[in-house]
Amino acid sequence: MNRVALLLLPALAACRVQNAAEQHYGFLALLGRDTVSVERVTRTADTVVSDEVDRFPRVRQRHTRIVLRAGGAIRHLEMDIHVQVDRADRRALSHRADRVRGRSV
């Protein structure tokens, strides 16, 4: 039993280090007593992933994936938007030093 525990210890330690690199947090936006939006964010060294639900004026769900450059600037942004009554919409933005290129996917 002790040998198995000693063999698994490095694997468990590696898993812990990987999880330590991820940050998880969220936001809740209120307007008076009304909830306007809820957002869950996961951040790693070079990626931010966000899942949101908001109401402007209809309820919509968004999934956003942002890839960052080494200095923290945005290199690529993708956002999937699902509106309750409309079709799903997907947008992709590529950021360069002096311009932004966008397209519907």
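The structure under discussion appears in the preceding block.
Rules and cut-offs
Residues numbered from 1 in each chain as written. Predicted model: local features only at pLDDT ≥ 70, side-chain atom pairs only at ≥ 80, totals over all residues. Heavy atoms only, no water. Salt bridge = Lys/Arg side-chain N within 4 Å of Asp/Glu carboxyl O. Helix = DSSP H or I, 4+ residues; strand = E, 2+ residues; numbered from the N terminus. Buried < 20%, exposed > 50% of the residue type's maximum accessible area, 1.4 Å probe, protein only.

> Sorry, what's going on with the pattern of salt bridges here?
A full pass over the atoms with the stated rule returns 4 salt bridges. Arg40 is the salt-bridge partner of Asp51, the closest N and O atoms lying 3.2 Å from each other. Taken together, the residues span a long stretch of sequence, with Asp51 in strand β3 (residues 47-55) and Arg40 in strand β2 (residues 34-43) at a distance of 11 residues. Classification of Asp51 as partly exposed rests on a relative accessible area of 28%. Here Arg60 ties to Asp54 by a salt bridge, and the two come within 2.7 Å at their closest N and O atoms. Accessibility expressed as a relative area gives 25% for Arg60, which makes it partly exposed. The exposure class assigned to Asp54 is buried, which follows from its relative accessible area of 2%. Each member of the salt-bridge network shares a partner with another, and the members are Glu52, Asp54, Arg60 and Arg62.

Keep in mind these numbers describe shape, not what the thing actually does.
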